Amino acid sequence: MQENKKFALKKLSALKERLLDLTARNRMINSNFNARTKQHFRIIDEVPQQIYDKLSNSSMVFNPLLPVEDEPRDENRAVFKEKLRKAQHTDLDYQERLNELQGNLEKENKLLRDLKDKVRDELGWEPFQGNNISPQNHAIKHGINPSYELPADNSEGEKKYQDNKIQTLFFQDQLNAYVNTVWRNYKSSQKESGVNPLYFCFGFLEWKQSQSSDKKFTSPLLMLQVQMEEVKKGGRLKVFSTGDDISINLTLNEKLKKEFRIELPPIPKISEEEIFSIEDYFKEAEKLAHDQNWKFRRWVSFGIYNAQNMPIYRDIEQMQSDGVLSTLLENLLVGTDRDSGQGSTAEIYEVDSKENREKVPALVRSADSSQFSAVVDAINGKNIVLKGPPGTGKSQTITNMIAALCSEGKKVLFVAQKQAALDVVRNNLEAIGSKDYLLEIFSIKANKKAVMESIRTRNEKAEPNRGLNFEQDLKSLNKAKDDLNKYTNFINNPYKNTDKTIHEILWDQIEIDEI
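The structure contained in this document is the topic of the report that follows.

## Thoughts on the pairing of strand β5 (residues 217-230)
- With 12 of 14 residues buried, β5 is to be regarded as a mostly interior element.
- For strand β4 (residues 198-207) and β5, the ladder comprises eight bridges, and the chain directions are antiparallel. Bridge pairing in β5 places Glu 206 opposite Thr 218.
- The pairing of β5 with strand β6 (residues 237-241) spans five bridges and is antiparallel.

## Quick notes on the packing of aromatic side chains
- The full count for this structure, using the stated rule, is 21 aromatic pairs.
- Note on Phe 41 and Phe 170: the rings are 5.5 Å apart at their centroids and 70° apart in plane angle, and the pair reads as edge-to-face. Here Phe 41, found in strand β1 (residues 40-42), pairs with Phe 170, found in the loop between β3 (165-167) and α7 (172-193); they are 129 residues apart in sequence, far enough to count as distant. For the pair Phe 41 and Phe 170, one class covers both residues: buried.
- Among the aromatic residues, those joined into a cluster by ring pairs are Phe 41, Tyr 52, Phe 62, Phe 170, Tyr 178, Phe 200, Phe 202, Phe 276 and Phe 302.
- A cation sits over an aromatic face here: Arg 42 above Trp 299, 4.5 Å from the ring centre.
- The ring of Phe 217 has Lys 215 lying over it, and the distance from NZ or CZ to the ring centre is 5.4 Å.

## Section: the side chain of Ser 189
- As for its position among the elements, Ser 189 is in helix α7.
- Within polar-contact distance, the side chain of Ser 189 engages the backbone oxygen of Val 195 at 2.8 Å.
- Every residue in contact with Ser 189, bar those within four places of it in the chain, is listed here: Gly 194, Val 195 and Pro 197.

## Observations regarding a nonpolar patch on the surface
- On the surface, Leu 413, Val 415, Leu 439, Ile 441, Met 452 and Ile 455 cluster together into a nonpolar patch covering about 630 Å² of accessible area.
- Judged by relative accessible area, which is 68%, Leu 413 ranks as exposed.

## Some points on the side chain of Lys 54
- Within the element layout of this structure, Lys 54 appears in helix α2 (residues 48-57).
- Of the side chains with opposite charge, Asp 163 lies nearest to the buried Lys 54, which makes no salt bridge, at 4.5 Å.
- Separated by 2.5 Å, the side chain of Lys 54 and the backbone oxygen of Asp 163 make a polar contact.
- Sequence-distant contacts of Lys 54, defined by excluding residues within four places in its chain, comprise Ser 59, Met 60, Tyr 161, Gln 162 and Asp 163.

## Notes on unusual backbone geometry
- Residues other than glycine seldom take positive phi values, yet Asn 293 does so here, at roughly 60°.
- Its place among the elements puts Asn 293 in the loop between α9 (278-291) and β8 (295-304).
- Positive phi, normally seen in glycine, also occurs at Lys 496, with a value near 50°.
- Here Lys 496 is to be found in the loop between α17 (470-491) and α18 (502-514).

Rules and cut-offs
- Residues numbered from 1 in each chain as written.
- Predicted model: local features only at pLDDT ≥ 70, side-chain atom pairs only at ≥ 80, totals over all residues.
- Heavy atoms only, no water.
- Buried < 20%, exposed > 50% of the residue type's maximum accessible area, 1.4 Å probe, protein only.
- Helix = DSSP H or I, 4+ residues; strand = E, 2+ residues; numbered from the N terminus.
- Pairing = 2+ DSSP bridges.
- Phe/Tyr/Trp six-rings, centres within 6.5 Å; stacked < 30°, edge-to-face > 60°.
- Lys NZ or Arg CZ within 6 Å of the ring centre and 35° of its normal.
- Polar contact = N/O pair within 3.5 Å; in protein donor to acceptor, adjacent residues only side chain to side chain.
- Contact = heavy atoms within 4.5 Å.
- Patch = residues over 30% accessible without salt bridge, like charges linked within 9 Å, V, L, I, M, F, W, Y side chains within 5 Å.
- Areas by Shrake-Rupley, 256 points an atom, 1.4 Å probe, with all protein chains shown as cover.
- Salt bridge = Lys/Arg side-chain N within 4 Å of Asp/Glu carboxyl O.
- Lys, Arg positive; Asp, Glu negative; His and termini not counted.

Dropping the structure here:
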């Protein structure tokens, strides 16, 4: 037995290492914001603490830069108009080139723009860059700080930090491209696997694997899981916290432990009334970066970060540390002997035997003998594998298993790789009136608020009434089964010395009559 345990722990260790991607390909280790995937981006000119607070308590939307003006507003000033009017009559080069264009409107407009730029230069004004202006310069022009290094506070009480808009360094079309890409990946992940990969990341560590290395990595430090919703169909998308607590980047933490034997500062324990301080954590992160001769970046990003495997990794780590494995997990990793009856083809039980009738008095969904037998094996605590092509009733059988186990007073954990599989079984259970007994802890709807609300609803539910006629109905059902089985046994027994059953004799009579 001890050898089995050692083998199981060794196999578990190998599986654990496959859970994490500690390479530079992982956005949790190296957030390359120059990538073409458009799955994450940084924000500008916002206060990190206020972004965190507002996401935790309300919803926010992303704000693009203002559109570039076709004509700058300052050219409507009288001084400019007067000087331009004179230039149009006195600038010989302009007049000569205008005559050569012979009514080409597009070229005439370009020539006029050149003359306006010349007038701007004579007035000492900044040149008009039009659509060639960089996002950074356009932001500065409109009073927006284009730096990704975000300010620590809003000591001046600026209103732009107090609204529900998150400023980006994108024009509208580019922002739409990024946000829509994130939205599609977010919805796809939820539909396929029930996983929410959407996070706001606060603070980044810029580090090297060695002092002599030229390659720099930028990794997020704090991660807040958020959700996205459409304000209206095809309209703007709003983001808000799922209600889960902010956490450190556990993948980066594991990388630092393995390669540098250091860890990220832990999240301090705070009461429900207290507000987590982003700035206090940033100070701790700055100390770590300074001690390692690295850099701390006051960046905040949003996008797709695949962090779902980290909790599983930590659970396995705890199992290894404790050296304790459940019998079920050990059997799964090591396997079982066929002699134990666990590895062989399952037995088909007599559906109406007294023993099985007591174990499974009734099913909530229809089942054939093999499906019924699977339910009996589940009640008996056997480890089973249920196989069958699509449409053969696996989901119905699982529904029956869960219902039968719950009727025994047991709790059942049902997991699946695909969200669709969870949905089918959940819908089956809800259809039989078991909605209030289901707790979705890992699905599209699973967040702290939804889980707590589900527990509250179940806690306030009155004890179910077994039903005044339940026992009588069950007796009537069993009597009907017994009568049918008695009749079946009667017509399938040999009749006197004929070597034929009554059933066969009746069929022979039909054939004789036809002759």
